[in-house]
Amino acid sequence: MTYSVSPIGFVRSCFKEKFAIPRQPQLAPAARGVLELVAPFDQGDAVQGLEQVSHVWLLFLFHQALEEKPRLKVRPPRLGGNKSMGVFATRATHRPNGIGQSVVKLDKVEANRLWISGIDLLDGTPVLDIKPYVPYADIIDTASNSIASAPPSLIPVQWTDSALQQAHGHAQRLDEPLVELIEQCLAQDPRPAYQIPAPEREYGAQFWDVDVRWHYPTPGLIRVLEVIPVSNR
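By the naming in an unreviewed UniProt entry, the protein chain goes by tRNA (N6-threonylcarbamoyladenosine(37)-N6)-methyltransferase TrmO and is assigned to Pseudomonas wuhanensis. Comment text from UniProt for the protein chain, heading Sequence similarities (unreviewed entry), reads "Belongs to the tRNA methyltransferase O family."

A.B. asks: Hey, could you run me through the overall build of the protein chain in this one?
C.D. replies: A count of helical and extended segments in the protein chain gives three helices and 12 strands. On C-alpha atoms alone, the protein chain measures out to a radius of gyration of 19 Å, which is about the 17 Å that the 2.2 N^0.38 rule sets for 233 residues. Reported as C-alpha extents along the three principal axes, the dimensions of the protein chain are approximately 50 × 45 × 35 Å. Counting all 233 residues of the protein chain, 39% fall into the buried class. Sequence separation of 24 or more characterises 71% of the internal contacts of the protein chain that already satisfy a separation of 6 or more. Split by element, the accessible area of the protein chain, about 13,300 Å² in all, is 52% carbon and sulfur. Positive and negative side-chain charges of the protein chain, numbering 23 and 25 respectively, have mean locations separated by a distance of 9 Å.

A.B. asks: Quick question: what am I supposed to make of the sheet that holds strand β9 (residues 157-159) here?
C.D. replies: Paired through backbone hydrogen bonds, the strands of a sheet run either parallel or antiparallel to each other. Pairing within the open sheet is mixed, and its four strands lie in the order β9-β12-β11-β10. Each of the sheet's edge strands pairs with one partner strand only, and the pair in question is β9 and β10 (202-207). Recorded for the sheet is a direction-independent mean angle of 35° between the axes of neighbouring strands. In this structure, β9 lies alongside strand β12 (residues 221-229), joined through three bridges in parallel fashion. Directly across from Gln158, in β12, lies its bridge partner Arg223. Where helix α2 (residues 161-174) meets the sheet, it contacts β9, β11 (210-218) and β12, and its direction lies at approximately 50° from that of β12.

A.B. asks: Please explain α2 as it appears in this structure.
C.D. replies: An α-helical segment advances 3.6 residues per turn. Residues three or four places apart therefore align on the same side. For α2, built from 14 residues, the straight-helix expectation of 20 Å at 1.5 Å per residue is met to within 8% by its first-to-last C-alpha distance of 20 Å. For α2, every residue scored as buried is listed here: Ala163, Ala167, His170 and Ala171. Taken around the axis of α2, the buried residues stretch over an arc of 105°, which confines them to a single face. In this structure, α2 carries Asp161, Gln165 and Gln172 as exposed residues pointing more than 90 degrees from its buried face. The secondary structure elements touched by the buried residues of α2 are β9, α3 (178-186), β11 and β12.

A.B. asks: What should I look at first to understand the side chain of His215 in this one?
C.D. replies: Considering the arrangement of structural elements, one finds His215 in strand β11. For His215, a relative accessible area of 12% corresponds to the buried category. At 2.7 Å, the side chain of His215 forms a polar contact with the backbone oxygen of Pro199. Discounting residues that sit within four places of it in the chain, His215 has contacts with Pro199, Arg201, Glu202, Leu221, Ile222, Arg223 and Leu225.

A.B. asks: I would appreciate a short explanation of the side chain of Gln195 in the present structure.
C.D. replies: The residue Gln195 is located in the loop between α3 and β10 in this model. Among the residues examined, Gln195 registers a relative accessible area of 17% and is labelled buried. Aside from chain neighbours lying at most four places away, what touches Gln195 is Arg201 and Tyr203.

What counts, and at which threshold
- Residues numbered from 1 in each chain as written.
- Predicted model: local features only at pLDDT ≥ 70, side-chain atom pairs only at ≥ 80, totals over all residues.
- Heavy atoms only, no water.
- UniProt positions renumbered as here; feature names shortened; annotations may be inferred.
- Helix = DSSP H or I, 4+ residues; strand = E, 2+ residues; numbered from the N terminus.
- Rg over C-alpha atoms; globule rule 2.2 N^0.38 Å.
- Buried < 20%, exposed > 50% of the residue type's maximum accessible area, 1.4 Å probe, protein only.
- Contact = heavy atoms within 4.5 Å.
- Areas by Shrake-Rupley, 256 points an atom, 1.4 Å probe, with all protein chains shown as cover.
- Lys, Arg positive; Asp, Glu negative; His and termini not counted.
- Charge placed at Lys NZ, Arg CZ, Asp CG, Glu CD.
- Pairing = 2+ DSSP bridges.
- Axes fitted to C-alpha atoms, helices over the stretch in contact; angles between N-to-C directions.
- Expected span 1.5 Å × (residues − 1).
- Arc of directions from axis to C-beta.
- Polar contact = N/O pair within 3.5 Å; in protein donor to acceptor, adjacent residues only side chain to side chain.

This is how it looks when you write it as structure tokens:
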């Protein structure tokens, strides 16, 4: 038996590529976006009452990781990318039906769009459903998960003077907390855990419409080198 589903909207996100997206929601509060609803859900009736809610669950598709052949085991980044585990014991993007879920902060409700933050969603993500977060039901005080018992350890993020100046300028232009976004995402160390970065190797990711470049002077430290418009590279 098969079922078909259709998106109720699409996310316009600060994350334009998969690399450097936080591996869980709420790890980067400065990560913001807009869920733009499509007909017939863009008339206001469907979101009436959401102004009373602080957070929502989004059910979505990993639209850039859809696969025809389901995987029974995956290698989650949390375990360094070298250890296999059953797909249902992880939140890996390689799902049997490509479905993900995230709890995000609801900053503003409009008739045809929701302004959200603390997101871990790629730009263009198709959203299948929205459900209000219900604290008394969704918080389980006795819950445990020995695979991921605590947030990932953060590493220090430093800036060159020129990169910080560039970031502040783009933040003002975008009217977005760009410096905070970069620091919150990079502090979680987006590189594969099995990779030992050489100081001369540069890494990069796109946030909004800027290209952020950084390196690791030492394995436990990130230094941001430049923040420039994507079109300039």
